[in-house]
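# Close look at the chain arrangement
Take a look at the letters that make up each chain.
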Amino acid sequence: MASATVATSLSPQSSASSAAEPLLDVQDLSVEYQTLRGPVQAVSHVSFSIGQGEVFGLAGESGSGKSTIAHAIMRILHSPAVITGGNVLFDGDDVLEMDVDGLEAFRWRDVSMVFQSAMNALNPVLTVGEQIADVIQRHQPTTTKQQAKDRAAELLDIVGIDRNRVDDYPHQLSGGMRQRVVIAIALALKPQLMIMDEPTTALDVVVQKDIMQQIEYLKKELGFSILFITHDLSLMVEFSDRIGVMYAGEIVETTNAHELFNKPLHPYTQGLMASFPALVGPKETLTGIPGSPPNMLEPPSGCRFHPRCSKAFAPCPLQQPSLREVEPGHFVACHLY
Amino acid sequence: MTKTVLTAEQWKLAESPDPVVLEVRNLTKHFPVGGLFRSKHVHALTNVSFAIRRGEVLAVVGESGSGKSTTARLIARLMEPTSGEILFRGQNVLQTEKRGASLSYRSGVQMIFQDPFGSMNPTHSVAHHIMRPLQIHHKVERRSDLLPRVHELLATVGLNPPADIANKYPHELSGGQRQRVAIARALAVDPEIVLADEPISMLDVSIRIGVLNLMAKLKKEIGIGYLYITHDIASARYFADRIMVLYAGQMMEGADSDELIGNPAHPYTKLLLSAVPNPEIALGQREVVARGEPPSLIDPPPGCPFAARCPQVMDVCRKVMPEVQTIAPNHWVRCHLYGEGSGGTAA
Ligand SMILES: Nc1ncnc2c1ncn2[C@@H]1O[C@H](COP(=O)(O)OP(=O)(O)OP(=O)(O)O)[C@@H](O)[C@H]1O
Ligand SMILES: Nc1ncnc2c1ncn2[C@@H]1O[C@H](COP(=O)(O)OP(=O)(O)OP(=O)(O)O)[C@@H](O)[C@H]1O
Ligand code: SF4
Ligand code: SF4
Ligand SMILES: [Mg+2]
Ligand SMILES: [Mg+2]
């Protein structure tokens, strides 16, 4: 059975959040956007960790706070965003305490990021080679121009683009190739952690699969960890070791990918799973989730999911459920458990 | 130039007694591009033919740039085809309505767009958006019938309470609610065919199914036929009776949904299906069927447009465009691996 092979591909050490020394440890992180219409609690008391070589997925629909978390980890949040609490430990150091010099080294060298629709953010007047070389020279000033250019060509090779295209401008490449260039830039300084925010969302499935397989291969070769963000649960389950499901700024469930797919416990996760038509197997009528995502200016009381939850009962609108370990390694925030 | 006419007779649901409402034959759109003399052409769509019966859903799938939206825009008569025929209830509308679509065609064939934001005017209430088509197409007898009909339509698409929703403005609605308003607006004129171009791809994942279920309900209860355009083949299986695969503006394969997904014949269809994320199979363990990117559509060379990426390419593929072949009931394919003298075997 195919699912059995998935289970063995997960290393038990990495699937326990209590692994000896996680590479990234996000503790009780809260972020607020202080808008003119009032504060938006975009991220509320979020905790998770990522082990060495592990892929951790953040799932959840639009506006649930996924990108905000990624930006907080990279310390690239701008006003009106304010980190109102928590710690982000990278290899034991608190990223939120780092000074400018510390951050300069941290970004790209320790952690790099592939942004949502980054392929449209390449500089149109520089060749792709110049853009890759630029990142290398900025962070490794002793590198000569020629060395940086050679390395750029090598990186193109690594992400599956003919190295002869190093002198091409972005407009000469297809969307899929531009996204590969962005990944090459993210790999340039051999980071230990790569944050990928919807890296393939704008691409066709065939190109997406090609790129995701390439990333999986590179991860095995180079041994970096990944924080993987997407709204596509199928892709996330396929690619991640462990997954955290977000709703309205909170993590409501976290466990290993296999378990989440086969035995989702939180009613929101169950609803998400019932929102994707399958390509194989019996054709069932899907229900999706009634209602629509909450207005984050006035999030619902108690469990934020209660207005849409078919299993809501007395305590749900009154009391906020906390994330509890209901089965080994499987955490759920819901009054049912 | 290859001439392939695939009539409704060649591709119909055998036992269906329902009449064909919309049929296109050899629909072709070439956009002139480049330089002062516009001497080059983007072959966006070439010789595409199909028919849609009453209450039937035909899905069009294919990658970005394969011609899906062009197909819908031509049928909606937002632009004129380079050649080909569009038959609505048996009438060739391009011939009878040379100076643009008539009122009756515009009410018979409605379009829903991908972007529920872009298709609404921010300064007008929901009620206004639905009243306008009711008035233009004289769908109510008296002015006093207008608002009740608006409320009825809003209730039909599951927007409750309708009187509240009717007074709202687009920015006060969620994406899913806006798309429902767009559907209510299309329904206002009693269409027989709805052209739905990626109607759910911009919506939140948890509300996509609700919109698809609504469209399925209207198909069943009112008998609306759909051209459902999507790049998500799993949603096509969920909603559509039949699926047609486009590649580089050419129709490559078509069959009943389950047959197409269970028994794909065309190498491109196989590639497309193998690339769909599947949580049951780990990424690293899946076989790579083919790689590469879609071809340029500017004055393409002769032969099969998939030849550059096809793992089964043969000499003939680069010289001759394959014809459409029927390989099983209601299942056709355009590929040299199939048909007489090809030596290939149908899967
Ligand atoms: N600059 C901003 N000012 C005010 N609110 C913001 C700002 N940026 C984001 N938000 C709000 O913060 C919340 C979280 O947004 P975020 O971009 O993190 O979501 P996301 O999960 O990445 O969504 P998507 O899947 O659409 O990318 C949303 O409610 C959003 O409206
Ligand atoms: N007005 C135009 N002028 C020139 N080329 C055009 C024009 N409109 C579309 N095209 C080209 O025709 C081809 C088909 O485009 P179309 O929009 O139909 O693709 P699609 O299948 O809908 O793609 P997507 O999935 O990205 O929406 C593309 O190569 C496109 O660039
Ligand atoms: S706490 Fe209550 S409302 Fe929230 S998910 Fe659980 S059952 Fe539903
Ligand atoms: S005609 Fe030839 S190149 Fe085209 S899909 Fe068939 S085998 Fe492949
Ligand atoms: Mg985001
Ligand atoms: Mg399109």
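What counts and what doesn't
- Residue positions are counted from 1 within each chain, in the order its sequence is given.
- Chain labels run from A onward and ligand labels from 1 onward, assigned in the order the entries are written.
- Selection of residues for local features in this predicted model requires a pLDDT of at least 70, selection of side-chain atom pairs for listing and counting requires 80 or more, and totals for whole chains, interfaces and linings are taken over all residues.
- Neither water nor hydrogens contribute to the side-chain values; these are computed over all heavy atoms in the structure.
- UniProt positions are given in the numbering used here, feature names are shortened, and annotations may be inferred rather than shown by experiment.
- The quantity called pLDDT is the predictor's confidence in a given residue, expressed from 0 to 100.
- Whether two residues are in contact is decided by their heavy atoms: any pair within 4.5 Å suffices.
- Only a single heavy atom is needed: when it lies within 4 Å of a molecule or strand, its residue is near that molecule or strand.
- Residues are sorted three ways: Asp, Glu, Lys and Arg are charged, Ala, Val, Leu, Ile, Met, Phe, Trp, Tyr, Cys and Pro are nonpolar, and all the rest, Gly among them, are polar.
- Nitrogen and oxygen atoms within 3.5 Å of one another constitute a polar contact, given that in protein one can donate a hydrogen and the other can accept it, and given that sequence-neighbouring residues count only through two side-chain atoms.
- Note on areas: these come from Shrake-Rupley sampling with a 1.4 Å probe, and a residue is covered only by the protein chains present in the view.
- Strands here mean DSSP runs of E at least two residues long; helices mean DSSP runs of H or I at least four residues long; both are numbered from the N terminus.

Going by an unreviewed UniProt entry, chain B carries the name Chemotaxis protein and comes from Herpetosiphon geysericola. A UniProt comment under Sequence similarities (unreviewed entry) is attached to chain B, and it reads "Belongs to the ABC transporter superfamily."

Under the annotation held in an unreviewed UniProt entry, chain A carries the name Sugar ABC transporter ATP-binding protein and is attributed to Herpetosiphon geysericola. Per UniProt, chain A carries the Sequence similarities (unreviewed entry) text "Belongs to the ABC transporter superfamily."

It is worth spelling out the confidence of the model for chain B at this point. Low-confidence regions, as indicated by low pLDDT, have predicted coordinates that should not be scrutinised in detail. Residues and elements named next belong to chain B. With 89% of its residues at a pLDDT of at least 70, chain B reaches an overall mean of 87. Every residue in residues 343–347 scores below 50 in pLDDT, and together they form 7 contacts with partners more than four places removed in sequence or on other chains. Interface confidence for the predicted complex, expressed as ipTM, amounts to 0.82; the pTM equals 0.88.

Right, let's get into the site of ligand 4. Close to ligand 4 lie B:His266, B:Pro267, B:Cys304, B:Phe306, B:Ala307, B:Cys310, B:Gln312, B:Cys317, B:Pro322, B:Cys335, B:His336 and B:Leu337, which account for all nearby residues. Of the residues that constitute the shell around ligand 4, the class distribution is 9 nonpolar, 3 polar and no charged.

Further remarks concern the site of ligand 1. Residue and element names in this part refer to chain A. The environment of ligand 1 is formed by 14 residues, the closest being Ser-62, Gly-63, Lys-66, Ser-67 and Thr-68. Contact distances for ligand 1 include 3.5 Å between a nitrogen atom and a side-chain N or O atom of Tyr-33. A distance of 2.8 Å is found between an oxygen atom of ligand 1 and a side-chain nitrogen or oxygen belonging to Lys-66. Contact with the protein chains removes 67% of the 640 Å² of surface that ligand 1 exposes when unbound. For the shell around ligand 1, the elements supplying multiple residues, two or more each, are strand S1 (24–35) and helix H3 (66–74). Element by element, the count of residues in the shell around ligand 1 is highest for H3, at 3 residues. Taken together, the residues of the shell around ligand 1 break down into 4 nonpolar, 8 polar and 2 charged.

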